[in-house]
Amino acid sequence: MHQPSKRIAVITGASSGMGREFARQIDLLQQADELWLIARGEEALRDVAASLTTPARCLPADLTDAEACHAIARLLDEEAPFVSFLVNAAGFGKFGDWSAIDEADAEAMIDLNCRALVALTRACLPHMGRGSHVIELCSASAFTPLPHLNVYASTKAFVLSYTRALRWELHGTGITATAVCPTWVKTGFEKVARQSGAGHDVGHLLGAQDAATVVSRALAANRAHLAVATCSPQALALRVLGKVLPHCVTMAGWEAVRRV
């Protein structure tokens, strides 16, 4: 008798922040036989795995290295599980203008936020089917260009466009794809973002939400087959303003807000 494929959830950035919270909430859903947790820090991954009831496999990897993405793709092809969830939560940003962000950080943001996200999505899609969920961590910064958060916001604009187009391509397959676009979230993002030559170019992170709230709303939006999950009234407002106002106006507004 043919044995059904093991159902897995693949979660990047799973050692902290949004990725860790997605692991926790997907664990509670009990819709996967195993969670594949991916991040750079093995010890932190093991701590997350120990807190879950669903069996978890820790896959330490630096996704800015293309070979790490290829290794995960090969593992998926070898074991051929059914991927019930893919959550691409790995990513980071840096505050500062073009001269304050060094070349290595600029390239790493593009590699992790864009290239690795696409690579992991493409690796998982052949193992997905009706009932599978693709959740791409985006940002409300995708709705307008943001000086002093330029590269990060641009990578998120890419993720938003990629996810919306992918969702269209997946029509009829039963695979739901959602771009999650919150504003600030209470994670380790701010600490990393300020580690630049101009870390205080962005002042107070107004209206930061708890990760648990954002993740629960993101999962609900994905179940509802929404293309974009804004997860808060302020993110929805930014989405609308980004559609109706010229970018010169929204950037001027951002210039005022970032100085608070």
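Look a little higher up for the structure.
It should be emphasised that the depicted structure is a prediction, and the values quoted were computed from it without experimental measurement.

## Some remarks on the sheet that holds strand E5 (residues 133–137)
One open sheet accounts for seven strands, arranged E3-E2-E1-E4-E5-E6-E7; its pairing is parallel. Sheet topology places strand E3 (56–60) and strand E7 (228–229) at the edges, where each strand pairs with a single neighbour. Bridge count for strand E1 (residues 7–12) against strand E2 (residues 34–39) is five bridges, and the pairing is parallel. Following the sheet pairing, Ala9 is matched in E2 by Leu35. Contacts from helix H1 (residues 17–29) reach E1, E2, strand E4 (82–88) and E5 within the one sheet, and its direction differs from that of E1 by about 165 degrees.

## A short note on the pattern of salt bridges
Any two side chains of opposite charge can pair if their charged atoms end up close together. Counted according to the given criterion, the structure contains 14 salt bridges. The salt bridge involving Glu21 is made with Arg24; its shortest N-O contact spans 2.6 Å. You can see Glu21 and its partner Arg24 sitting in helix H1, three residues apart, about one turn around the helix. Relative accessible area serves as the criterion here: at 39%, Arg24 is assigned to the partly exposed category. Among the charged side chains, a network of salt bridges with common partners joins Lys6, Glu34, Arg57 and Glu79.

## Side note on the packing of helix H3 (residues 66–79) against helix H4 (residues 103–124)
Helices that pack against each other are described as a pair by the angle of their axes relative to one another and the distance between those axes. Between H3 and H4, the shortest axis-to-axis distance is 9 Å and the interhelical angle comes to 10 degrees. When the axes of H3 and H4 are compared, the pair comes out roughly parallel. Counting all contacts with H3, which are made through Ala66, Cys69, Ile72, Ala73 and Leu76, the residues of H4 involved are Arg115, Ala116, Ala119, Leu120, Ala123 and Cys124.

## Thoughts on the environment of Ala224
Summarising the element assignment, Ala224 is placed in the loop between helix H7 (211–223) and E7. With 78 residues separating them along the chain, Ala224 and Leu146 place their C-alpha atoms 30 Å apart.

## Quick notes on the packing of aromatic side chains
Considering all chains together, one arrives at five aromatic pairs under this definition. Ring-pair connections join several aromatic residues into one group, and the members of that group are Phe95, Tyr152, Trp184 and Phe189.

## As for the environment of Thr183
Locating Thr183 in the fold gives a position in the loop between strand E6 (176–180) and helix H6 (189–193). Here the alpha-carbon distance between Thr183 and Gly207, two residues 24 residues apart in the chain, equals 7.8 Å. In contact with Thr183, not counting residues within four places along its chain, are Ala140, Gly207, Gln209, Ser232, Gln234, Ala235 and Leu238.

## A look at the pairing of E6
Of all the five residues making up E6, five are buried; the element is thus mostly covered by neighbouring parts of the structure. The alternating pattern of E6 places Thr176, Thr178 and Val180 on one face and Ala177 and Ala179 on the opposite face, and all of these are buried. Bridge analysis of E5 against E6 gives five bridges, and the strand direction is parallel. Residue Ile135 lies in a different strand from E6, and its bridge partner there is Thr178. The sheet contact formed by E6 and E7 spans two bridges and is parallel.

## A few points about the packing of H1 against H7
Contact geometry of H1 with H7 gives a least axis separation of 9 Å together with a crossing angle of 55 degrees. Between H1 and H7, the crossing angle belongs to the class labelled oblique. Seen from above, H1 lies across H7 with right-handed handedness. In contact with Met18, Glu21, Phe22, Arg24, Gln25, Ile26 and Leu29 of H1, H7 contributes Ala211, Ala212, Val214, Val215, Ser216, Ala218, Leu219 and Arg223. Within the contact of H1 with H7, the residues separate by chemical class into 10 nonpolar, two polar and three charged.

## Describing unusual backbone geometry
Within the chain, Gln30 stands out as a residue other than glycine whose phi angle is a positive 55 degrees. Among the secondary structure elements, Gln30 is positioned in the loop between H1 and E2. Residue Gln30 is classed as exposed on the basis of its relative accessible area, which comes to 60%.

Parameters and conventions
Residues numbered from 1 in each chain as written. Predicted model: local features only at pLDDT ≥ 70, side-chain atom pairs only at ≥ 80, totals over all residues. Heavy atoms only, no water. Pairing = 2+ DSSP bridges. Helix = DSSP H or I, 4+ residues; strand = E, 2+ residues; numbered from the N terminus. Contact = heavy atoms within 4.5 Å. Axes fitted to C-alpha atoms, helices over the stretch in contact; angles between N-to-C directions. Salt bridge = Lys/Arg side-chain N within 4 Å of Asp/Glu carboxyl O. Buried < 20%, exposed > 50% of the residue type's maximum accessible area, 1.4 Å probe, protein only. Parallel < 35°, antiparallel > 145°, perpendicular 65-115°, else oblique. Phe/Tyr/Trp six-rings, centres within 6.5 Å; stacked < 30°, edge-to-face > 60°. Left-handed = near helix turned anticlockwise from the far one by under 90°. Nonpolar A, V, L, I, M, F, W, Y, C, P; charged D, E, K, R; others polar.

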